[in-house]
Amino acid sequence: MTRRVPAIVGGEPIRPDLMRLVSPTLEVGDPVIEDIRAMLASGEITNGRHVAAFERQVAEYLGVPDVVAVSSATAGLMMVLRCLGLSGEVVLPSFTFIASGQALLWNGLDPVFADVGAATYTLDPERADAAMGSRCAALLAVHTFGSPCDIAALTASATARGIPVVVDAAHGFGARYPDGTNVGGGGTAEVFSLSPTKPFAVGEGGLVATGRDLAAELRIARNYGNPGNYDSLFLGLNGRMLEVSAIIGRYGLPELPSWLRRRRRLAQRYRDNLGRLPGIGFQHIPAGAQSVHKDFVVTVEASAFGLHRDLVAAALAAENIPTRTYFAPPLHRQTSFRATRKDVELPVTDWLAARTLTLPLYSHMPEALVDQVCEAIHGIHRHAERIAELGR
Ligand SMILES: *Cc1c(COP(=O)(O)O)cnc(C)c1O
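If you're wondering where the values come from, they're calculated on a predicted model, not measured in any experiment.

(A) Looking closely at the site of the ligand. Among the 14 residues in the neighbourhood of the ligand, the closest are listed as Thr74, Asp168, His171, Ser193 and Lys198. Here an oxygen atom of the ligand sits 2.7 Å away from a polar atom, N or O, in the side chain of Ser193. Note that an oxygen atom of the ligand is positioned 2.7 Å from one of the side-chain N or O atoms of Lys198. Protein contacts shield 91% of the accessible area of the ligand, which totals 380 Å² for the unbound molecule. Elements that contribute at least two residues to the shell around the ligand include exactly helix 3 (73-83) and helix 4 (98-106). Across the shell around the ligand, the residue classes break down as four nonpolar, eight polar and two charged.

Laid out in structure tokens, this is it:
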């Protein structure tokens, strides 16, 4: 192996141009373009026949009773929480994306943050149970980075209190629970995102997998609460999916399993390579479950690796390798959640937020690029002492 000098301490960057952190994998063959052309010519550009067909196709793929296509996962979560008529508190992880918690704020619900598992990074069922007080109206679980949360334990806790589990499945389309069933069939509703950074991307869009009754309400909710006669029944919004998103989704879905297989192989390649380095940790995927690796995330323990996560990120940026620090700051430390109860201690969340580093990953990413990122990280580790001096 060549003994490169990392760019941050004066060497040449490992690559001349900026690598992509994420990139949507899309089916772009002639049939997609033909359908888009015909759709435009028809004038039926939103919530039309392609959306209806996409909903049926996804429900069959997932093996769930019904699927409602919406404009985004955020809108889907907002509408699910509204249709369930919840009030009071909802227990959720703080180690998640902004939208999980803001869907609660839009509904006037009070977020109560519970810690995540140190290995799984997903909502810790015992902590969640302990956080549920008398005002608790629901649990909001998240399939963090595409790895399924412990839906069985969380559902057992919620059911014992007679409250629903709503799942922010934004990261999880195509993932599997330990029992082999598809993510989508858990809880009262599971809400997927199809936005550009997710493994199944169509542009903008979301999918709610749920039972028939809630689905019927959601179809009204996404249309301003209007059942068709303009006597609005309840508070809704414009949450419709565009036909173009549905067309992209209809052609993408049959390809998705092979895209996800490739993605899992790339994640494993990262693990095999970086697992040899001291101080690098990975998310534990529950036995029997399948993650879709929405993000490939490592933890960097400075005492063993020789550098703090932030310096590793800076050193990779100098190599033209972009990273993110999902999820820092976690929700309980963000300004928009400042009104939330602060009497919670979330040591695992804070530990992760200070150590996680998201590395480039997309389903069609060449293996050579994974190797390049790994080589850069090995080089940064070898020169950790010199790089650490920059941080002093
Ligand atoms: C991306 C994301 C959302 C929001 O999805 P949109 O479709 O962009 O609204 C919600 N929750 C999590 C955890 C996400 O990562």
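Let's pick the thread back up.
(B) Fine view of the pairing of strand 2 (residues 89-93). With five of five residues buried, strand 2 lies mostly within the body of the structure. The two faces of strand 2 match: Glu89, Val91 and Pro93 on one face and Val90 and Leu92 on the other face are all buried. One ladder, built from five bridges, connects strand 2 with strand 3 (residues 110-114); its direction is parallel. Within the sheet, the bridge partner assigned to Val91 lies in strand 3 and is Val112. The handedness of the strand 2 to strand 3 crossover, carried by helix 4, is right-handed. The pairing of strand 2 with strand 4 (residues 136-142) spans three bridges and is parallel. Following the sheet pairing, Val91 is matched in strand 4 by Leu139.

(C) Representation of the environment of Ala38 in the model. Mapped onto the secondary structure, Ala38 falls in helix 1 (residues 30-42). A relative accessible area of 44% places Ala38 in the partly exposed class. C-alpha separation for the pair Ala38 and Ala160, spaced 122 residues apart in sequence, amounts to 51 Å.

(D) The side chain of Asn107, seen in detail. Structurally, the position occupied by Asn107 is in the loop between helix 4 and strand 3. Looking at Asn107, its side chain comes within polar contact range of the main-chain oxygen of Met78, at 3.1 Å. Setting aside anything within four residues of it in sequence, one finds Asn107 in contact with Met78, Leu81 and Arg82.

(E) Broad picture of the packing of aromatic side chains. Overall, the coordinates contain 13 aromatic pairs when judged by the stated rule. Between the aromatic rings of Phe95 and Tyr121, the centroid separation amounts to 6.3 Å while the plane-to-plane angle is 85°, which identifies the pairing as edge-to-face. Remark: Tyr121 occurs in the loop between strand 3 and helix 5 (125-131) and Phe95 occurs in the loop between strand 2 and helix 4; sequence separation between them is 26 residues. Summarising the aromatic geometry, the rings of Tyr326 and Phe327 are spaced 5.6 Å apart at their centres and angled 35° between planes, so their arrangement reads as tilted. Among the aromatic residues, ring-to-ring pairing joins Phe54, Tyr61, Phe173, Phe192 and Phe200 into one connected group. When the ring centre of Phe97 is taken as reference, the NZ or CZ atom of Lys198 above it lies at 5.7 Å.

(F) How the structure looks around the pairing of strand 5 (residues 165-168). The two faces of strand 5 match: Val165 and Val167 on one face and Val166 and Asp168 on the other face are all buried. Once the chain exits strand 4 it traverses helix 6 (residues 151-161) before rejoining the sheet at strand 5, and the crossover so formed is right-handed. Here three bridges tie strand 5 to strand 6 (residues 189-193), and the two strands are oriented parallel to one another. Residue pairing for strand 6: Val167 is matched across the bridge by Glu190.

(G) Here's a closer look at the nonpolar core. One finds Val91, Leu139, Phe173 and Leu207 to be the most contacted residues of the largest nonpolar core, which totals 43 residues. Leaving out residues up to four positions away in the same chain, Phe173 has contacts with Val58, Tyr61, Leu62, Phe192, Phe200, Leu207, Leu253, Leu256, Leu260 and Val292.

(H) Focus on the sheet that holds strand 7 (residues 206-210). Taken in spatial order, the seven strands line up as 1-7-6-5-4-2-3 in an open sheet, and their pairing is mixed. For this open sheet the edge positions go to strand 1 (66-70) and strand 3, each flanked by a neighbour on one side alone. Here the strands of the sheet are splayed against their neighbours by 25° on average, with no regard to which way each runs. Helix 2 (residues 49-62) contacts strand 1, strand 6 and strand 7 of the sheet and is inclined by roughly 135° relative to strand 1. Across the face of the sheet, helix 6 comes into contact with strand 4 and strand 5 while running at roughly 145° to strand 5.

(I) The arrangement of the side chain of Thr25 in detail. Its place among the elements puts Thr25 in the segment before helix 1. The buried category is assigned to Thr25, whose relative accessible area is 8%. Separated by 2.8 Å, the side chains of Thr25 and His364 make a polar contact. Setting aside chain neighbours within four positions, we find Thr25 in contact with Trp259, Ser363 and His364.

(J) Region of interest: the state of the cysteines. Counted under the stated rule, the structure contains zero disulfides. Distance from the sulfur of Cys83, which forms no disulfide, to the nearest cysteine sulfur (Cys136) is 19 Å. Under the relative-accessibility criterion, Cys83 is labelled buried at 13%.

What counts, and where the lines are drawn
- Residue positions are counted from 1 within each chain, in the order its sequence is given.
- Reporting in this predicted model follows two pLDDT cut-offs: at least 70 for local features of residues, and 80 or more for side-chain atom pairs to be given and counted; totals over whole chains, interfaces and linings ignore these cut-offs and use all residues.
- Side-chain measures here rest on the full set of heavy atoms in the structure, leaving out hydrogens and waters.
- To be near a molecule or strand, a residue needs just one of its heavy atoms within 4 Å of it.
- The definition of a polar contact used here is a pair of N or O atoms within 3.5 Å, where within protein one atom must be able to donate a hydrogen and the other to accept one, and adjacent residues in sequence count solely through side-chain atom pairs.
- Calculation of accessible area relied on Shrake-Rupley with a 1.4 Å probe; when residues are assessed, cover is drawn exclusively from the protein chains displayed.
- Secondary structure elements follow DSSP: runs of H or I of four or more residues count as helices, runs of E of two or more count as strands, with numbering from the N terminus.
- Ten residue types, Ala, Val, Leu, Ile, Met, Phe, Trp, Tyr, Cys and Pro, are classed as nonpolar, four, Asp, Glu, Lys and Arg, as charged, and the remainder, Gly among them, as polar.
- Three labels apply to residues, based on accessible area from a 1.4 Å probe with only protein chains included: buried if under 20% of the type maximum, exposed if over 50%, partly exposed otherwise in between.
- Think of it this way: DSSP has to see at least two bridges between two strands before they count as a pair.
- Place the viewer so that the strands point away; then a crossover is right-handed whenever the path from the first strand over the helix to the second strand goes clockwise.
- Residue contacts follow a heavy-atom distance rule, with two residues in contact if any of their heavy atoms lie within 4.5 Å.
- Aromatic rings from Phe, Tyr and Trp, with only the six-membered ring used for Trp, were paired whenever their centres fell within 6.5 Å, and each pair was classed as stacked if the ring planes differed by under 30 degrees, edge-to-face if by over 60, and tilted otherwise.
- We count a charge as sitting over a ring when the NZ of a lysine or the CZ of an arginine lies within 6 Å of the ring centre and within 35 degrees of the ring normal.
- Among buried residues, the Ala, Val, Leu, Ile, Met, Phe, Trp, Tyr and Cys ones that are joined through side-chain atoms within 4.5 Å form a nonpolar core.
- Throughout, an axis means a line fitted to C-alpha atoms (over the contacting stretch in the case of helices), and angles, computed between N-to-C directions, take values from 0 to 180 degrees.
- Cysteine sulfurs are considered disulfide-paired once they come within 2.5 Å of each other.

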